[in-house]
Structure formats: structure tokens, C-alpha cells
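Reading the structure
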Amino acid sequence: MTRTLLAAAAIAMMLAPRAFAADLAVPHIYTKAPPVAVDPGYNWSGFYAGLNVGYGWGRSAATADFADSRSGALLSSSPGRFDLDGVTGGGQIGYNWQREMVVFGVEADFQASGQKGSLAALCAGAPDGLQDGVCTPGHRGDNTFDPALPVAFNLTQKLDWFGTVRGRLGIAVTPRVLLYGTGGLAYGRISTSGSVSAINVGGFAGADGGTFTPVAASFGSSTTKVGWTAGAGVEGAFADNWSARLEYLYVDLGTVSGSLTTPVIALSGAPLVVGYRSHVTDNILRLGVNYRFSGT
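Presented here is a report on the structure given in the accompanying data block. (Residues numbered from 1 in each chain as written. Predicted model: local features only at pLDDT ≥ 70, side-chain atom pairs only at ≥ 80, totals over all residues. Heavy atoms only, no water.)

1. Topic: empty space enclosed by the protein
- Applying the stated criterion across every chain, the model contains one cavity of 30 Å³ or more.
- Looking at the largest cavity, its volume works out to about 80 Å³.
- In terms of lining, the largest cavity is formed by Tyr 42, Trp 44, Tyr 48, Asn 96, Arg 168, Glu 235, Asn 241, Trp 242, Ser 243, Asn 290, Tyr 291 and Arg 292.
- Counting residues per element, the ones that place at least two in the lining of the largest cavity are β7 (242–265) and β8 (271–292).
- Of all the elements, β8 adds the most residues to the lining of the largest cavity, at three residues.
- Here the residues of the lining of the largest cavity are counted per class, giving five nonpolar, four polar and three charged. (1 Å grid on protein atoms, 1.4 Å probe; cavity = no way out; pocket = protein on both sides within 12 Å on 5 of 7 lines; lining within 4 Å. Points joined across faces, edges and corners; volume = space filled by probe spheres on them. Helix = DSSP H or I, 4+ residues; strand = E, 2+ residues; numbered from the N terminus. Nonpolar A, V, L, I, M, F, W, Y, C, P; charged D, E, K, R; others polar.)

Have a look at this one:
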């Protein structure tokens, strides 16, 4: 009996390690997942150049002045506003620097313009019951009554071309979408032309009848003005080196002025002088595309 117990104990001791090992959990081997590729985003830094096309809604706030050349007296002043609307198109070049989400840079552009408009003004003739008008005299004959006739002045202006040199400051709201503000120097050439027409009514006091002489004069000039501009835009990159933009600019080119001594006879018997002053501003909305000379 004793021998049987000893044998059973020995067998149990031999089997115990195997049973204990069988009860142990199988260890798991952990490995790191392969790294996920991270999108480096888009970098706006570098030189770029492009083209644009748009439309301008300009405005000329003009005043026509009629003065006597002998006395210098201002006989009449006729204020008015007219539109300078038309298509614009040109090119731009610039450079951007990017620091995290902030993008700042400089840009210059040059535009051809078809913006044009005109204004008509009158220096009124004599109203009923009066012989002399505001600007010109009427006929003073005994047996006829010929009141003074109005003086017609037509002014036409055209924005031939313009350009800007601006700073830009923007935020990359996504890696490939940039919202920005812009402002700086603006310059442009404004061509002005005009014509004056009237009928000089002649005659002597106490004489019958009179003379009616049509007269006309015209002028033209161009001047380059310097002003300022400000605006905003949105630009989106649709390829590594290409982007498209929508941009608005307000442009103020200041005041253009001039004068013309006409063959129209004023009240003093001296020539009538017609002058003009016009403040030219513009609102431009344009689409553009840029090529950047470096990749992302």
C-alpha cells in the first residue's frame, strides 16, 4: 500500500508542471503599425506670375465751369457724375512668404482698360422775357427780339490703362485656400476730350435784325495720375504650381482738370472759357490664374 501511494505521488509530481504550463496563457507579440503618410499641405511661398480679366465700374464726379475770359468771373457751374464702365485685362507678378497659416507678399500688375463715359452740360440761354443768357448776350435790335442761345459742352473720358503695386496679407484657411487683403499704390492714364458748340447772336442796339453765327471748338488731352487702391480676394491652388483667384479692387486716381478758351462770345464781349474738374474712381472685379515657380 505504501509503495502504491509513493508511486502515485511520483507520477503526480511529474505531470504537474505540464498541467501548469498548459494553464498558462499563450503570450501575444505586439508590433508597431506602419507609419501613415502625412500630407505636407501646400506652401504659398515663392515667385508667381499670371493673367487676369475682369470688369470695371468706374465713376467720374465732374464739374463743368463757364467763365468770362476778360473778367475771370465764374458765370455758371454744372456738376454731374457719369460712369466709366468697361472690360479690363492684364497680368500680374509677385512674391509670397508663408509662416504657418499667415501668407504675406508683394504684387505688381498692369491692365489695359476699355472703360469710357461722357457728360453733357449747358450754360443756359435767356429765359422768356430776357435777352441776355447766363453766358452769352442776345440781339438788342429795336424791331426784333432774339434771346441768347445756350452753350453746349460735352465731356468724354476714358481710362486707357492702369497698374498697381500692392502689399498682400492673408490667411491660409486650408492648405490650398487663401483669403487675403491687399492695398497700395495705383496709377493710370486718363484721356479727356470735349467739344463746345453755340450760336453767337450779333447785332447793334437800335438796329433791325441780327446775325447768327454757329461756332464750335474741341480739345483732347491725356494725363497719368497716381493714387491708391485697396481690396480683397480669395485664391485656391488646383495643382502643385497653379492657382486661380477672384479679386476686388477699389482704385482712386484723384482729380483731372483742364480748360478751353472758346470762340463763344461771353457777356463782356470776350471769349468764353470752359473748364472741367473730375475725380476718377474705379471698382474692379476680376478673375485670374497664377503659376508659381516652385512646387509644394
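2. What to know about the sheet that holds strand β2 (residues 74–99)
- A barrel is described by the order of its strands in space; here eight strands give the closed sequence β1-β2-β3-β4-β5-β6-β7-β8, paired in antiparallel fashion. Mean inter-strand twist for the sheet, computed between neighbouring axes without regard to direction, equals 10 degrees.
- Looking at chain direction, β2 and strand β3 (residues 102–123) are connected through 13 bridges and run antiparallel. In the sheet register, Gly 94 faces β3, and the bridge partner there is Glu 107. (Pairing = 2+ DSSP bridges. Axes fitted to C-alpha atoms, helices over the stretch in contact; angles between N-to-C directions.)

3. Points about the packing of aromatic side chains
- Within the structure shown, the criterion is met by 13 aromatic pairs.
- When the centroid spacing of 4.9 Å and the interplanar angle of 65 degrees are considered together, the rings of Trp 242 and Tyr 291 count as edge-to-face. Taken together, the residues span a long stretch of sequence, with Trp 242 in strand β7 and Tyr 291 in strand β8 at a distance of 49 residues.
- An aromatic cluster of at least three residues, connected via ring pairs, comprises Phe 47, Tyr 95, Trp 97 and Phe 104.
- One residue, Arg 168, lies across the ring of Tyr 180, its end atom 4.4 Å from the ring centre. (Phe/Tyr/Trp six-rings, centres within 6.5 Å; stacked < 30°, edge-to-face > 60°. Lys NZ or Arg CZ within 6 Å of the ring centre and 35° of its normal.)

4. Re the nonpolar core
- The biggest cluster of nonpolar side chains holds 32 residues, and the ones touching the most others in it are Phe 66, Val 151, Phe 153, Leu 155, Val 196, Val 264 and Leu 272.
- When residues of this core are traced back to their parent elements, those giving at least two are β1 (46–68), β2, β3, β4 (151–174), β5 (177–202), β6 (211–237), β7 and β8.
- If near-sequence neighbours (up to four positions away) are discounted, Leu 272 is found in contact with Phe 66, Ala 67, Leu 75, Cys 135, Val 151, Leu 260, Thr 261, Thr 262, Val 264 and Ala 266.
- Membership of the second largest hydrophobic core comes to seven residues, among which are Trp 44, Val 103, Ala 172 and Leu 178. (Core = buried A, V, L, I, M, F, W, Y, C linked by side-chain atoms within 4.5 Å. Buried < 20%, exposed > 50% of the residue type's maximum accessible area, 1.4 Å probe, protein only. Contact = heavy atoms within 4.5 Å.)

5. Section: the environment of Gly 56
- Residue position: Gly 56 is located in strand β1.
- Residue Gly 56 is classed as buried on the basis of its relative accessible area of 0%.
- For the pair Gly 56 and Lys 116, spaced 60 residues apart in sequence, the C-alpha separation works out to 10.0 Å.
- Dropping the residues within four chain positions of it, Gly 56 is found in contact with Leu 84, Asp 85, Gly 86, Thr 88, Gln 115, Asp 282, Asn 283 and Ile 284.

6. Examining the pairing of β2
- Where β1 meets β2, 22 bridges bridge the pair, whose relative direction is antiparallel. Among the inter-strand pairings, Gly 46 is bridged to a residue of β2, identified as Asn 96.
- Counting the residues that bridge the hairpin from β1 to β2 gives five residues, and of these Gly 72 lies at a positive phi of roughly 80 degrees.
- Counting the residues in the hairpin turn of β2 and β3 gives two residues, including Glu 100, whose phi is positive at 55 degrees.

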